[in-house]
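Single-letter residue listing:
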Amino acid sequence: MSALWDWAQLLRVSALFTVPGDALAGAAAAGVRADRRTLRAIGCSLCLYEAGMALNDWADRDEDARERPDRPLPSGRIRPAAALGAAAGLTGVGLALAARTGRPAAAVAGALAATVWAYDLKLKHTHAGAVAMGAARGLDLLLGAVVTGQTPLRPAVALSSAALAVHTYAVTRLSRYETTGGSSLAPLAALATSAVISTGLVLRDLRGRGGTAGGGAAGSVRAYRSDAPAAGGRPRGKRLPRGLRLVPDLTAQAFAVTYGAAAARPYVHAVLNPSPFLTQRAVGGGIRSLIPLQAALAARAGAPALGGALMALAPLARRVSRKVSPT
C-alpha cells in the first residue's frame, strides 16, 4: 500500500479525472457519439498524461531535492530509473492504443507524445513551455475528434481545442510560481483568461448565428428536433417545444458559469495573497476546472447529457486531490 501511495503521488492521480473529458469533448465537437474508438483515445490520453507526470519528476529530480524534498524521487521512495522506465512504457502503450485506431489518430498521438517529452526535457523552463502545455491539451481534444473518422473536421473541433489550449497555457504560466509565490500578475492573467472563455461560452447567440464555436445552437437544436430532415429530405414529425429545443444551450451556459466560478475562486485568493501555498491551490484549482470547461464544450456541441456525466467527475477529483496532493 505504501508503494501504491508513492506512485499515486508521483503520477498525481487526482489530475487524471481531467483527462477523459478531452477525448469526449473532441468526439462531441466532431458531431458523433463516443464509441469504442473514443475509449481507445481516452486510454491513449491517460497513458501519455501519466508518462508526462513521471517524466516531469525524473527531469526535475535535482530541483525537487532542493525545493520539494518530500516528493517520491528526492525522498528515495521511488528510484529515478523506475520513473523514467514508467514514462517510456506508458508512452509506448499510449501510442499503441492510438495506432490501433488508424493513421490519423496515430499521427496526432505521436505529436502529443513528442510535445509531452519536449516539454519535460527541454521546454519546461523556457517561454515556450506554457505554449507546449497548451498545445498538448489541444492535441488531446483533437485526438478524440480524429478517432471518430469524421472528415472534414467541424470548425467546432478547432475552437474547442483552442479553448482548452488557452486555459492550459494560463495555468502553466501560473505554475512557475508554485514554489516561490510572489506574483499577483500570473493569477490575475489566469483569472482574466477563464473569465473571457466562460463569458464567450455563456454569451453565444442562442439562435445559432454565432454558433460555429461548438457546432452552434443550430446544431444543438437539430439534435433535439423531431422534424429534422430524414434521408430524402422528408420531415420526421412535429417540432419540439422551443423550451425543450433550448435545453442544450441552457445546459452549456450553466456549465460555463460553473467553470468560470470554479476557476475564479482560487485565482482571486492567489491575486490577493500570492504566497506559494495559495499559488499551488490556484494551480490545482485551474487544473480541476478543466472538467466543467470540457462539460460546457460538450454541451455546446449538442451533447448535454455527456456534459452532465463529465461534471460528475468534478467532486471525485476534489476528493482524491485532498488525499493525494496539497493542491
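Residues numbered from 1 in each chain as written. Predicted model: local features only at pLDDT ≥ 70, side-chain atom pairs only at ≥ 80, totals over all residues. Heavy atoms only, no water.

A word on the packing of helix 14 (residues 290–300) against helix 15 (residues 304–311). Where helix 14 meets helix 15, the closest approach of the two axes is 7 Å, and the angle between their N-to-C directions is 170°. The angle between helix 14 and helix 15 places the two elements in the roughly antiparallel class. Here I291, P292, Q294, A295, A298 and A299 of helix 14 lie close against helix 15, whose contacting residues are P304, L306, G307, L310 and M311. Here the contact of helix 14 with helix 15 is built from residues that sort into 9 nonpolar, 2 polar and no charged. (Axes fitted to C-alpha atoms, helices over the stretch in contact; angles between N-to-C directions. Helix = DSSP H or I, 4+ residues; strand = E, 2+ residues; numbered from the N terminus. Parallel < 35°, antiparallel > 145°, perpendicular 65-115°, else oblique. Contact = heavy atoms within 4.5 Å. Nonpolar A, V, L, I, M, F, W, Y, C, P; charged D, E, K, R; others polar.)

A few words now on the nonpolar core. Membership of the largest hydrophobic core comes to 55 residues, with the highest contact counts inside it found for L143, L201, Y267 and L293. For L293, the contacting residues outside a window of four places in its chain are A163, L164, H167, I197, L201 and Y259. Formed by 8 residues, the second largest nonpolar core is a distinct cluster that contains L11, Y49, M53 and L55. (Core = buried A, V, L, I, M, F, W, Y, C linked by side-chain atoms within 4.5 Å. Buried < 20%, exposed > 50% of the residue type's maximum accessible area, 1.4 Å probe, protein only.)

This part covers the pattern of salt bridges. Counted under the stated rule, the structure contains 7 salt bridges. When the shortest N-O distance is used, the salt bridge between R71 and D57 registers 2.8 Å. Placement of the pair is R71 in the loop between helix 4 (61–67) and helix 5 (80–99) and D57 in helix 3 (residues 36–59), with a sequence separation of 14 residues. In this structure, the salt-bridge partner of R68 is E178, at a minimum N-O distance of 3.5 Å. Note that R68 is positioned in the loop between helix 4 and helix 5 and E178 in the loop between helix 8 (155–175) and helix 9 (185–202), a separation of 110 residues in sequence. With a relative accessible area of 22%, R68 lands in the partly exposed category. A cluster of three or more residues bridged by salt bridges with shared partners is formed by R12, D57 and R71. (Salt bridge = Lys/Arg side-chain N within 4 Å of Asp/Glu carboxyl O.)

Cis geometry is found at the peptide bond from T151 to P152, where omega equals -10°. Even without glycine at this site, R12 takes up a positive phi of about 50°.

Here we come to helix 9. Given 3.6 residues per helical turn, the α-helix brings residues three or four places apart onto the same face. Compared with an ideal rise of 1.5 Å per residue, which puts 18 residues at 26 Å, helix 9 spans 25 Å between its outermost C-alpha atoms and is within 8% of the ideal. For helix 9, the set of buried residues is A186, P187, A190, T193, S194, I197, S198 and L201. Relative to the axis of helix 9, the buried residues are bounded by an arc of 125° and lie together on one face. Opposite the buried face of helix 9, at more than 90 degrees from it, the exposed residues are L185 and V196. (Expected span 1.5 Å × (residues − 1). Arc of directions from axis to C-beta.)

A word on the side chain of T279. Mapped onto the elements of the fold, T279 is located in helix 13 (residues 276–288). Assessed through its relative accessible area of 2%, T279 is described here as buried.

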